[in-house]
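A structural walkthrough
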Amino acid sequence: MSDEPQPQPQQPNRGWASGAPEAAGKAKKPKRPKRTGWRRLIPTWRIVLSTVVIGLLLVVGGFFLGYHLVQIPAANALATKQSNVYLYADGTVLARDGEVNRESVGLARISKDAQHAVLAAEDRDFYTESAIDPMAMVRAGWNTATGKGKQSGSTITQQYVKNYYLAQEQTVTRKVKEFFISIKLDREKSKDEILEGYLNTSFFGRGAYGIQSAAQAYFGVDAKDLTAAQGAYLASLLNAPSQYDVVAHPENRPAAEARWNYVMNGMVDKGWLSASDRAAAKFPKPKQSTISTNMSGQRGYVVNIVRKYLIENGIVDEEELGRGGYRITTTLQKDKQDAFVKAVDDKLMSQLDKKERKVDTYVRAGGASVDPKTGKVVAMYNGIDYVKQYTPNATRRDFQVGSTFKPFVFTSAVENHSETQSGRTINPNTRYDGTSERPVQGWAGGRYAPENEDQRDYGHVTVREATDKSINAVYAQMAVDVGSDKVMQTAIDLGLSKNTPELTPSPSIALGVATASPLDMAEAYATLANHGRHSTYTLVEKVMKDGKQEVELPERREHQAVSREAADTTTSVLRSVVQNGTASAAQAVGRPAAAKTGTAEEDTAAWFAGYTPDLATVVAVMGQHPKTAAHKSLYGAMGLARINGGGAPAEIWSQYTRNALKGEPVADFDLQLQAGADVTAPPSSDASDEPGDGDESGSSDPDAPSTGDEDGSGSDTPGDSGSSTPPGDSGGTESDPPSTGGGTPGSGGPSTEPGPTGGGDSGGDDSSNGGTDPGGGDTDGAGGGDTDTGFPGIPVTPRRQ
């Protein structure tokens, strides 16, 4: 084989060979060189575009998902919690209950100036913008980050959502919820509704939630009366409630004024305030911040009594009332309420020396005053201070009313055309035997012989004289002549509750063993003052719910409880008591008045019940142990031998009535009297020359029955002798020994034993007559023994009336 190199086969042209197949297909692009260095950090436009698209999809999807998942929740507990506001008849605030100082009001009850001020401060484009303002949120975030002040960037809608539906914490979750709820709320509620809600839920400092409470807290006015300057100040507080209170922080006044100017200028910019009004406006001066007295003084008593009235009369459900939001206008008149408190302080409380006289620690006072023409309670006195003595003395029913009940007996006599045992019509001039411990005649329930005050014998006296001197023997007999059941019904018709403890049909009813409240008695005496027409007392003038919904009140009803003749004739007799009898202290009122005094057994309570044509008022001074709640005798109180109705109670009544009616024209009684009542019979020749205050009464004697009556003829009993001889069972002969008032059992003497069918102990002073009745004490908060705790049969006769 040759060693020469063999020729190699020639390779085809690479360019032509490769070009042949590419001619049939697409030419392949050259590969991009890989990025190196810092270029690797820059995303390509494809990545950017993809990220944006995916981000938008996520945002839109997240929005729709959040919109459907986040629901508008129920309001938070704080946002709906309100106080109930109790007002005097003139609209001034009397008291507030509840822990939160908020009173919601409708937008119509917020002045336009105040509304515009808040808009100028917080959201000037509220009515034209959407529920959220993204640019404001960004701006607020930037300002906060750059040190220009912490700002929320929230619209009023967002702030309302935070106040009403959410908590106040600054978290992303809360902000997300706020965002979606705001959008939904803007679609479901009107702008006015949202603004109203915002104004009622915002915090303004001084413990005030809502603009109504703030208006009262800072300026003592309602929200509807706020001026532009006042509204701008309150609007400024929304930014920094505690710091902008120039009373609490006078050093911050420049900042507060700057914020106020910002708000006022904003109102001008939006056309809500004229330039001239702006120029004339001055920075308002808020009132001093007051320490909350809550339920002190008379407030707590009134609140509890009004609450009970609303619930018992079906006006407001107890549970609803507990939720708050009610604005309750009472019938109480502030000037009269203040006058009542001052009269008690002047004539009673200031006279006590609790360190030197233990008995002075027992003294309590209660009273009520009613407009006879309307039945409205215009004033009440319940105690020295609700936080010290809880029992409301104006409405408690556990102290005997004493001789203030006697006018009801006479009213019943005239109303029922009653006659004495011998057939004589009972009128002011009818004569009765006023001998102490004289057994009543015509009563089949057992011997009953009440004693007069200090066991005085008065002989034969007219009914008018017997009322002047409050003679028990006469009125016990009259109750039997009329019929004690009829007397009881008349008392109920006049205004006493049928459930009044110890209100039972027996001769002792005349001596006031019943334990009605001062308010009950004021209602009954108001009926007499109103010529026998009775209006059930009312304590409430108007009730509003949440500032816009008026609650329906029971229809006021008035009816002729007793005839005008019966009521007016009683008034004429009670006028004599003021002019000539135990109620003479009432002459100090300086206008026509009718009244009656009364004292309970063992001086545990002293009463004065009286009226002018314009005002009926009852005052009671009561004795009660501060810890045990036992009824206590008031002998020695105020340094006096004893307390009776013609003393402190009458003086309180006179001062109060004089001041309560100051400036009002003097009105006289327009009376239509029973036939013959317009003539006053001359005083009885055999009556005692020594007038008492008529407040002593005797006690029942269960020994022997008796019949017959002293009607003034003098034929049954020798009135001059001061003795009483009841006829025997034969009805015509004297078979029993005379009752001379000697005090021995069986002869009409004093007895502390109950009557034949029961009654109660008449001798004790600590626990008798309901002294241990639940609710009688100062620490029970129960409102004072409204339950009957006595025994059936004849209630024991009080020793003092």
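The structure under discussion appears in the preceding block.
What counts as what
- Each chain has its residues counted from 1, running along the sequence as written.
- Residues qualify for local features only when their pLDDT is at least 70, as the model is predicted, and side-chain atom pairs are given and counted only at 80 or more; totals for whole chains, interfaces and linings, by contrast, use all residues.
- The basis for every side-chain value is the complete set of non-hydrogen atoms in the structure, without hydrogens or water.
- Strands here are runs of E lasting at least two residues and helices are runs of H or I lasting at least four, both read from the DSSP assignment and numbered beginning at the N terminus.
- Under the scheme applied here, a residue whose accessible area is under 20% of the maximum for its type counts as buried, over 50% as exposed, and between as partly exposed, the area being computed with a 1.4 Å probe on protein chains only.
- Shrake-Rupley sampling with a 1.4 Å probe provides the accessible areas, and residues are treated as covered by the protein chains on show and by no other component.
- Strand pairing requires that DSSP identify at least two bridges connecting the strands.
- Remark: nonpolar core denotes a set of buried residues (Ala, Val, Leu, Ile, Met, Phe, Trp, Tyr, Cys) joined through side-chain atoms within 4.5 Å.
- Only heavy atoms enter the contact rule, under which two residues are in contact if any of them lie within 4.5 Å.
- Each salt bridge in this description consists of a side-chain nitrogen of Lys or Arg and a carboxyl oxygen of Asp or Glu lying within 4 Å of one another.
- Multiplying 1.5 Å by the residue count of a helix minus one yields the expected span of that helix.

Observations concerning the overall build of the protein chain
Across its full length, the protein chain holds 22 helices and 16 strands. Taking all 801 residues of the protein chain together, the buried fraction comes to 54%. Counting only carbon and sulfur atoms, one obtains 52% of the accessible surface of the protein chain, whose full area is about 35,600 Å².

Some thoughts on the sheet that holds strand β11 (residues 540-545)
Adjacent strands of a sheet form backbone hydrogen bonds with each other and so pair up, either parallel or antiparallel. With mixed pairing, 5 strands are arranged side by side in an open sheet as β2-β1-β5-β11-β12. Strands with a single pairing partner mark the edges of an open sheet, and in this sheet they are β2 (93-96) and β12 (549-550). By the bridge criterion, 2 bridges tie β11 to β12 in an arrangement that is antiparallel. Within β12, the residue paired with Lys545 across the bridge is Gln549.

Concerning helix α8 (residues 191-201)
Within α8, 9 of the 11 residues are buried, which leaves it mostly tucked inside the rest of the structure. Of the residues making up α8, those classed as buried are Lys191, Ile194, Leu195, Glu196, Gly197, Tyr198, Leu199, Asn200 and Thr201.

Digging into the pairing of β2
In this sheet, β2 lies alongside strand β1 (residues 85-87) in antiparallel orientation, the contact comprising 3 bridges. When the bridges of β2 are listed, Val85 appears paired with Arg96.

Brief notes about the nonpolar core
Membership of the largest hydrophobic core comes to 126 residues, with the highest contact counts inside it found for Leu348, Phe405, Phe408 and Met478. Apart from the residues lying within four places of it in its own chain, the contact partners of Met478 are Val409, Phe410, Ala413, Ile426, Tyr432 and Val463.

Let's talk about the pattern of salt bridges
Opposite charge on two side chains permits them to pair, given that their charged atoms come into close proximity. One pass over the structure, following the stated rule, counts 29 salt bridges. In this structure, Asp346 and Lys342 form a salt bridge, with 2.7 Å as the shortest nitrogen-oxygen distance. Linking Asp346 with Lys342, this pair stays in helix α15 (residues 334-347), spanning 4 residues, or about one helical turn. Accessibility expressed as a relative area gives 29% for Asp346, which makes it partly exposed.

A short note on helix α22 (residues 648-660)
The end-to-end C-alpha distance of α22, which contains 13 residues, comes to 18 Å, matching closely the 18 Å that a straight helix rising 1.5 Å per residue would cover. The buried fraction of α22 amounts to 10 of the 13 residues, a majority that puts the element mostly inside the structure. Every buried residue of α22 is accounted for by Ala648, Pro649, Ala650, Ile652, Trp653, Ser654, Gln655, Tyr656, Thr657 and Ala660. Where α22 is buried, its residues touch α15, β6 (363-370), β7 (377-381), β15 (605-611) and β16 (616-623).

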